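Residue-level structure breakdown
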There are 2 protein chains.
Amino acid sequence: MKKATPGELLRQHGLKVTSTRKDVLDALIMARKPIAAEALQDALGKNADIATIYRTLQTLVSKGLVYQTNFRDRKAHYEYQEKHHHHVVCTECGTREETKLCIDAKKLARTFTNFRTLDSHVLEFFGVCNKCTT
Amino acid sequence: MKKATPGELLRQHGLKVTSTRKDVLDALIMARKPIAAEALQDALGKNADIATIYRTLQTLVSKGLVYQTNFRDRKAHYEYQEKHHHHVVCTECGTREETKLCIDAKKLARTFTNFRTLDSHVLEFFGVCNKCTT
DNA sequence: ATCATAAATGCGAATTATTCGCAATTAGAA
DNA sequence: TTCTAATTGCGAATAATTCGCATTTATGAT
């Protein structure tokens with residue numbers, strides 16, 4: 001199957017298709033990495049209002065289309081979630097890399113929590129990258 | 001072995017023992033749950049400056065004495081890390097509960113990342129609690 | 001114990017990320 | 001096409017966190 005367009009993705013998730021939403025989602029897909037709201041605005045060439053961007057991001061996160069995380073740098077980062085994954089952050093230089101390292105939360109939810117189901121999780125690793133270690 | 005006092009903990013981690021640091025660490029130990037900087041100041045009876053509290057928290061986090069996380073509510077939460085654990089957050093009512101559900105990052109680091117070692121990780125689960133589900 | 005010094009603190013002000021209120025616009029159902 | 005609820009844009013407001021700098025303090029050496 002070919003990849004869905006931003007508009008199709010929005011529709012599939014029961015969202016009204018507006019140009020801002022398409023633009024934001026498209027920029028997130030292009031970025032291929034976690035990106036903060038302001039950087040997203042830059043990517044959009046200032047064509048979008050920052051408050052609208054924040055509202056749009058909230059919406060996308062609530063639908064599971066976008067992964068929201070934070071790297072201990074006081075701002076939220078957003079990433080289009082094509083396939084689920086997490087990151088390793090270097091506490092020295094801030095470099096981030098993707099990792100497949102993950103946890104099967106859904107399967108373990110009932111054993112380890114009182115929640116019936118878990119919708120999502122945030123998982124980020126911190127360490128010192130090889131460049132900074134030497 | 002009996003539990004170390006805040007002062008001893010600080011010394012063990014190579015930190016200067018100051019009264020603010022002892023107070024902050026003590027308040028965190030008493031809290032027994034994640035707490036934001038401002039709430040910590042309240043717990044301290046306003047006796048400590050908020051900027052100092054933030055600096056102290058950074059220090060404690062960098063030494064691994066304190067776990068810093070965020071629950072998608074725009075502020076950082078800090079918790080004394082006596083034994084390692086994480087949380088499940090209800091996206092409806094904000095309730096948080098502890099969970100033992102975790103991942104053995106150190107063991108898996110070399111297989112899944114290019115980092116030699118991982119110092120810490122943030123892991124938080126989001127779902128809808130039983131009260132809000134019904 | 002006293003001293004010297006680097007580290008930690010307190011204060012106020014500055015930043016910066018994020019949200020709010022409201023009027024104007026727009027997507028999608030009828 | 002029309003109607004209506006949802007979305008947007010704008011400006012201003014909040015709230016969390018950090019900064020600069022003068023003052024104080026903990027600790028190691030004398």
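The rules we used
- Residues numbered from 1 in each chain as written.
- Chains lettered and ligands numbered in written order.
- Predicted model: local features only at pLDDT ≥ 70, side-chain atom pairs only at ≥ 80, totals over all residues.
- Helix = DSSP H or I, 4+ residues; strand = E, 2+ residues; numbered from the N terminus.
- Contact = placed C-beta atoms within 7 Å.
- Near = placed C-beta within 6 Å.
- Pairing = 2+ DSSP bridges.
- Least-squares fit on C-alpha atoms with pLDDT ≥ 70 in both.
- Domains from an automatic or database assignment.
- Nonpolar A, V, L, I, M, F, W, Y, C, P; charged D, E, K, R; others polar.
- Expected span 1.5 Å × (residues − 1).
- Buried ≥ 20, exposed ≤ 12 C-beta atoms within 10 Å, placed from the backbone.
- Arc of directions from axis to C-beta.
- Axes fitted to C-alpha atoms, helices over the stretch in contact; angles between N-to-C directions.
- Parallel < 35°, antiparallel > 145°, perpendicular 65-115°, else oblique.

Residue and element names in this part refer to chain B. Mapping Leu 40 onto the fold places it in helix 3 (residues 37-43). Leu 40 sits 14 residues away from Tyr 54 along the chain, and the two C-alpha atoms are 10.0 Å apart. What Leu 40 contacts, discounting residues up to four positions off in sequence, is Val 24, Ala 27, Ile 35 and Ile 53.

Quick look at the protein's contact with DNA strand C now. By nearness alone, 25 residues border DNA strand C, and Ala 51, Lys 75 and Ala 76 of chain A together with Thr 20 and Thr 52 of chain B come closest of all. Elements supplying a minimum of two residues to the surface near DNA strand C: helix 3 (37-43) and helix 4 (50-62) of chain A together with helix 2 (19-31) and helix 4 (50-62) of chain B. When residues of the surface near DNA strand C are assigned to their parent elements, the largest contribution, four residues, is made by helix 4 of chain B.

For the rest of this paragraph, the subject is the sheet that holds strand 3 (residues 76-80) of chain B. Residues and elements named next belong to chain B. The antiparallel open sheet is built from three strands, whose spatial order is 1-3-2. Because the sheet does not close on itself, it has two edges, and the strands there are strand 1 (35-36) and strand 2 (66-70). Pairing between strand 1 and strand 3: two bridges, direction antiparallel. Bridge pairing links Ile 35 to Tyr 78 in strand 3.

Another aspect to go through is the relation of the copies chain A and chain B. After a rotation of 180° and a shift along the axis of 0.0 Å, chain A superposes on chain B with an RMSD of 0.1 Å. Here the transformation between the copies is reduced to the relation of a two-fold axis. Among all C-alpha atoms of chain A, that of Leu 123 of chain A lies closest to the rotation axis, at 2.2 Å. Same-surface contact between copies: 100% of interface residues of chain A are shared with the interface of chain B.

Time to look at the domain arrangement of chain A. Residue and element names in this part refer to chain A. Domain boundaries assigned for chain A yield domain 1 (1-82) and domain 2 (83-134). Here the C-alpha centroids of domain 1 and domain 2 sit 21 Å apart. At the junction of the two partners, domain 1 supplies six residues and domain 2 supplies eight residues. A per-class count over the side of domain 1 that touches domain 2 returns two nonpolar, three polar and one charged.

Attention shifts here to helix 2 (residues 19-31) of chain A. Residues and elements named next belong to chain A. In this model, helix 2 (13 residues) spans 18 Å end to end at C-alpha, consistent with the 18 Å of a helix rising 1.5 Å per residue. Among all positions in helix 2, only Arg 21, Val 24, Leu 25, Ala 27 and Leu 28 are buried. Along the axis of helix 2, the buried positions cluster into a sector of 160°, meaning they face one direction only. Set apart from the buried face of helix 2 by more than 90 degrees, the exposed residues are Ser 19 and Met 30.

This part covers the protein's contact with DNA strand D. The environment of DNA strand D is made up of 25 residues, and the closest members are Thr 20 and Thr 52 of chain A together with Val 17, Ala 51 and Ala 76 of chain B. Mapped onto the surface near DNA strand D, the elements with two or more residues apiece are helix 2 and helix 4 of chain A together with helix 3 and helix 4 of chain B. The element that contributes the greatest number of residues to the surface near DNA strand D is helix 4 of chain A, accounting for four residues. Here the surface near DNA strand D is composed, by residue class, of 10 nonpolar, six polar and nine charged.

Take the packing of helix 2 of chain B against helix 4 of chain B next. All names here are of chain B. At a closest axis distance of 10 Å, the pairing of helix 2 and helix 4 adopts a crossing angle of 70°. Looking at the two axes, helix 2 sits roughly perpendicular to helix 4. For the pair helix 2 and helix 4, contact is made by Thr 20, Arg 21, Val 24 and Leu 25 and by Thr 52, Ile 53, Thr 56 and Leu 60, respectively.

The strands making up a sheet associate through backbone hydrogen bonding, with each pair oriented either parallel or antiparallel. Residue and element names in this part refer to chain A. The three strands lie next to each other as 1-3-2, forming an open sheet whose pairing is antiparallel. Looking along the sheet, the strands with just one partner apiece sit at the ends: strand 1 (35-36) and strand 2 (66-70). In this sheet, strand 3 (residues 76-80) lies alongside strand 2 in antiparallel orientation, the contact comprising five bridges. Its bridge partner lying in strand 3, Asn 70 is registered against Ala 76.

Another point: unusual backbone geometry. Not every positive phi belongs to a glycine, and Arg 72 of chain A is a case in point at roughly 60°. With respect to the element layout, Arg 72 of chain A can be found in the loop between strand 2 and strand 3. Arg 72 of chain A sits in the partly exposed class, given 17 other C-beta atoms within 10 Å. If you check the backbone angles, Arg 32 of chain B has positive phi at about 55° while not being a glycine. Among the secondary structure elements, Arg 32 of chain B is positioned in the loop between helix 2 and strand 1.

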